[in-house]
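Listed below, chain by chain, are the residues.
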Amino acid sequence: MQIELQIDGNSYIDIKDEEGATLEESATFKEESTFELDFSDEEYVKVNIGNTSVVTLYFNGEEIDYPVDNAHQHIIFDKQP
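All of the points below concern the structure found in this document.

**A look at the nonpolar core**
Membership of the largest hydrophobic core comes to 17 residues, with the highest contact counts inside it found for Ile3, Leu5, Ile13 and Ile15. Elements supplying a minimum of two residues to this core: strand S1 (2-7), strand S2 (11-16), strand S5 (44-49), strand S6 (55-59) and strand S8 (73-78). Other than its neighbours up to four places away in sequence, Ile15 contacts Leu5, Ala21, Thr22, Leu23, Glu24, Leu37, Phe39, Val45, Lys46 and Val47.

**Here we look at the side chain of Thr56**
In this structure, Thr56 sits in strand S6. In this structure Thr56 touches Glu4, Leu5, Gln6, Glu63 and Tyr66, once residues within four positions along its chain are discounted.

**Looking at the side chain of Asp14**
The topology assignment puts Asp14 in strand S2. Here Asp14 is in contact with Glu24, Ser26, Lys46, Val47 and Asn48, once residues within four sequence places are set aside.

**A short note on a negative patch on the surface**
A cluster of acidic residues, Glu18, Glu19, Glu43 and Asp78, forms a negative patch on the protein surface. Inspection of the secondary structure puts Glu19 in the loop between S2 and strand S3 (22-29).

**Here's the deal with the sheet that holds strand S7 (residues 62-63)**
Pairing is antiparallel across the open sheet formed by four strands, whose spatial order is S4-S1-S6-S7. Every other strand in the sheet has two partners, leaving strand S4 (33-38) and S7 as the edge strands with one partner each. Judged from the two bridges that link them, S6 and S7 form a sheet pairing that is antiparallel. Paired with Phe59 across the bridge in S7 is Glu62.

**Some remarks on the pairing of S5**
Buried residues dominate S5, accounting for five of its six residues. Bridge analysis of S2 against S5 gives four bridges, and the strand direction is antiparallel. Among the inter-strand pairings, Ile13 is bridged to a residue of S5, identified as Ile49. The pairing of S5 with S8 spans six bridges and is classified as antiparallel. Considered in S8, the bridge of Asn48 is made with His74.

What counts as what
Residues numbered from 1 in each chain as written. Predicted model: local features only at pLDDT ≥ 70, side-chain atom pairs only at ≥ 80, totals over all residues. Heavy atoms only, no water. Core = buried A, V, L, I, M, F, W, Y, C linked by side-chain atoms within 4.5 Å. Buried < 20%, exposed > 50% of the residue type's maximum accessible area, 1.4 Å probe, protein only. Helix = DSSP H or I, 4+ residues; strand = E, 2+ residues; numbered from the N terminus. Contact = heavy atoms within 4.5 Å. Patch = residues over 30% accessible without salt bridge, like charges linked within 9 Å, V, L, I, M, F, W, Y side chains within 5 Å. Areas by Shrake-Rupley, 256 points an atom, 1.4 Å probe, with all protein chains shown as cover. Salt bridge = Lys/Arg side-chain N within 4 Å of Asp/Glu carboxyl O. Lys, Arg positive; Asp, Glu negative; His and termini not counted. Charge placed at Lys NZ, Arg CZ, Asp CG, Glu CD. Pairing = 2+ DSSP bridges.

Below you can see the structure in the form of structure tokens.
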């Protein structure tokens, strides 16, 4: 699982596994940042985004549309058998 985050403003990001263990430390961003993260060894990844209006999310190179129109969202990526 490859996850890329393009952040263009003030947002909170937190990434955890299925048991709630932190995979990527929580952080608040206030300026432009881009992160590429490799979670190939994980079966489940939960991305908590505090301000989706300034975050573009990519999964394995494809832009993800947010499922609802809320500023704060939890996006779950789960490998299927």
